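# Coordinate inspection notes
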Amino acid sequence: MEPSLRVMRQATELVAAGTPFALCTVASVKGSAPGKLGGKMIVLADGTTFGTVGGAGLEEKVKALGRQCLADRSNRTVRFDLACFRPGGLDSLCGGSVEIFVEYAGARPHVLVCGGGHVGLEVARLCDQLEYAYSVLDDRPEYASAERFPNAQRRFVAGPEEFFRRERLEPFSHVVLLGYSYRIDTDILFHCVRRFPGWIGVIASRTKRKQMFARLEARGIAAEELARVEAPVGMAIGSESPAECAVSILGSIIRDHRLATGSAGAEAVVDRQAESEERASGGSPR
């Protein structure tokens, strides 16, 4: 197998595992350089690498660049001069130069859909289109079946106590509560706010939210812990049908996934959105 193909297979495995990484590619080569055009190296947040862009001092610089792009959640192209006798050059006598393109590959969302009813089914269908992973939890077997959710990563038929007693929450990036019973949703939310640090959304009227939160506070959950819960869940687009509600909910999840980053990453996303909107309206990108 060609080295770059091994790297791409490793990238596929990292994506499936939900592990963020930076993919560094030799985009151009001028003169003598150890890196070959198209050479690839994966960099993980802890500095672990797979593949090569040429070795020696260049590789260490690219590793540091990859880790920085992971921290910033950004893409970048950087030129390296492989000549120690030129200003700014690396400690090398090769004499040429290379350009390295670093692509940030973030972990794709994995949504835990709590409630496999009408809205839950539409949320799953949108996750399929977005290539987001999802799993389904419902205490009713027919609402968490392989026939209903053929593409779910996992399907859990369990009540809240059983589920939270036996399952880990680390694989999930987002949890959305879409259940048929406010009692079940309240029990799920009780465990989530204590054990799950990520985004939590609850389909609820303002009255239901008030009643659920009051019950949780009576069980010892602080109001500060509940403040991070999005309830009612979803963007305010006037949604009514299950499919429209799913669009609203996925809008919130996408917003959290794309914009809930470091400031540099968030600004980059906002800039890209503005450019796309300007192109769509016939304007010139910034």
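Residues numbered from 1 in each chain as written. Predicted model: local features only at pLDDT ≥ 70, side-chain atom pairs only at ≥ 80, totals over all residues. Heavy atoms only, no water.

### Side note on the overall build of the chain
Per the secondary structure count, the chain includes nine helices and 10 strands. For the chain, the residues scored as buried account for 42% of the 286 residues in total. Long-range pairs, those at least 24 residues apart, make up 52% of the contacts in the chain between residues at least 6 apart in sequence. (Helix = DSSP H or I, 4+ residues; strand = E, 2+ residues; numbered from the N terminus. Buried < 20%, exposed > 50% of the residue type's maximum accessible area, 1.4 Å probe, protein only. Contact = heavy atoms within 4.5 Å.)

### As for the packing of aromatic side chains
Per the stated rule, a full pass over the model turns up three aromatic pairs. A ring pair is formed by Phe156 and Phe172, whose centres lie 6.5 Å apart and whose planes are at 80°; its orientation type is edge-to-face. Here Phe172 lies in the loop between α4 (160–166) and β9 (174–177) and Phe156 lies in strand β8 (residues 155–157), a separation of 16 residues in the sequence. Given a relative accessible area of 8%, Phe172 falls into the buried group. Geometrically, the ring pair formed by Phe163 and Phe164 is edge-to-face, given 5.0 Å between the ring centres and 85° between the ring planes. Each member of the pair, Phe163 as well as Phe164, carries the same accessibility label: buried. By the ring-pair criterion, three or more aromatic residues cluster together here, those being Phe156, Phe163, Phe164 and Phe172. (Phe/Tyr/Trp six-rings, centres within 6.5 Å; stacked < 30°, edge-to-face > 60°.)

### What about the environment of Val111?
Relative to the assigned elements, Val111 resides in strand β6 (residues 110–114). Take Val111: its relative accessible area is 0%, and that puts it in the buried class. Along the backbone, Val111 and Ala133 are 22 residues apart, and their C-alpha atoms lie at a distance of 6.3 Å. When sequence neighbours within four positions are dropped, the list of residues in contact with Val111 reads Cys127, Ala133, Tyr134, Ser135, Ser173, His174, Val176 and Ile253.

### Regarding the packing of helix α3 (residues 118–130) against helix α8 (residues 242–259)
Remark: α3 packs on α8, axes separated minimally by 8 Å, with the N-to-C direction vectors making an angle of 55°. Accordingly, the angle class assigned to the pair α3 and α8 is oblique. By crossing handedness, the relation of α3 to α8 is classed as right-handed. Counted together, His118, Val119, Glu122, Val123, Leu126, Cys127 and Leu130 of α3 and Pro242, Ala243, Cys245, Ala246, Val247, Ile249, Leu250 and Ile254 of α8 form the full contact between these two elements. Residue composition of the contact of α3 with α8, grouped by class: 13 nonpolar, one polar and one charged. (Axes fitted to C-alpha atoms, helices over the stretch in contact; angles between N-to-C directions. Parallel < 35°, antiparallel > 145°, perpendicular 65-115°, else oblique. Left-handed = near helix turned anticlockwise from the far one by under 90°. Nonpolar A, V, L, I, M, F, W, Y, C, P; charged D, E, K, R; others polar.)

### Comments concerning the nonpolar core
Phe163 and Leu189 are the most contacted members of the largest nonpolar core, which has 27 residues in total. Listing elements by their share of this core, those giving two or more residues are β6, α4, β9, α5 (182–195), β10 (199–202) and α6 (206–218). Considering every element that reaches this core, the biggest residue donor is α5, with five residues. The contacts of Phe163, once residues within four sequence positions are left out, are Leu112, Leu137, Phe156, Ala158, Leu169 and Phe172. Ranked by size, the runner-up nonpolar core spans 23 residues in total, among them Leu121, Leu126, Leu178 and Cys245. (Core = buried A, V, L, I, M, F, W, Y, C linked by side-chain atoms within 4.5 Å.)

### Brief notes about the sheet that holds strand β4 (residues 76–81)
Spatial strand order, β3-β2-β1-β5-β4: five strands in an open sheet with antiparallel pairing. Edge positions in the sheet fall to β3 (49–51) and β4, since each has one partner strand and no second. Each adjacent strand pair in this sheet contributes to an overall mean axis angle of 25°, direction not counted. Here strand β1 (residues 21–30) pairs with strand β5 (residues 97–105) via nine bridges, running antiparallel. Across the sheet, the residue bridging to Phe21 is Ala105, located in β5. Against the sheet, helix α2 (residues 56–72) makes contact with β1, β2 (40–43), β3, β4 and β5, and its axis sits at roughly 160° relative to β4, the strand it touches most. (Pairing = 2+ DSSP bridges.)

### Comments concerning the pairing of β2
For β1 and β2, the ladder comprises four bridges, and the chain directions are antiparallel. By the bridge assignment for β2, Leu23 is matched with Ile42. Hairpin remark: β2 followed by β3, antiparallel, with five residues in the connecting loop; positive phi at Gly47, about 95°.

### Thoughts on the pattern of salt bridges
Per the counting criterion, the structure on display carries 11 salt bridges. Measuring nitrogen to oxygen at the nearest pair gives 2.9 Å for the salt bridge that ties Asp72 to Arg76. Judged by its relative accessible area of 19%, Asp72 is buried. We classify Arg76 as partly exposed; its relative accessible area is 29%. Between Glu162 and Arg166 there is a salt bridge, with the nearest N and O atoms lying 2.5 Å from each other. Taken together, the residues span about one helical turn, with Glu162 and Arg166 both in helix α4 at a distance of four residues. On the basis of relative accessible area, Glu162 is assigned to the partly exposed category, the value being 33%. Owing to a relative accessible area of 43%, Arg166 belongs among the partly exposed residues under this scheme. The structure contains a network of salt bridges with shared partners spanning Arg154, Glu162, Arg166 and Glu167. (Salt bridge = Lys/Arg side-chain N within 4 Å of Asp/Glu carboxyl O.)

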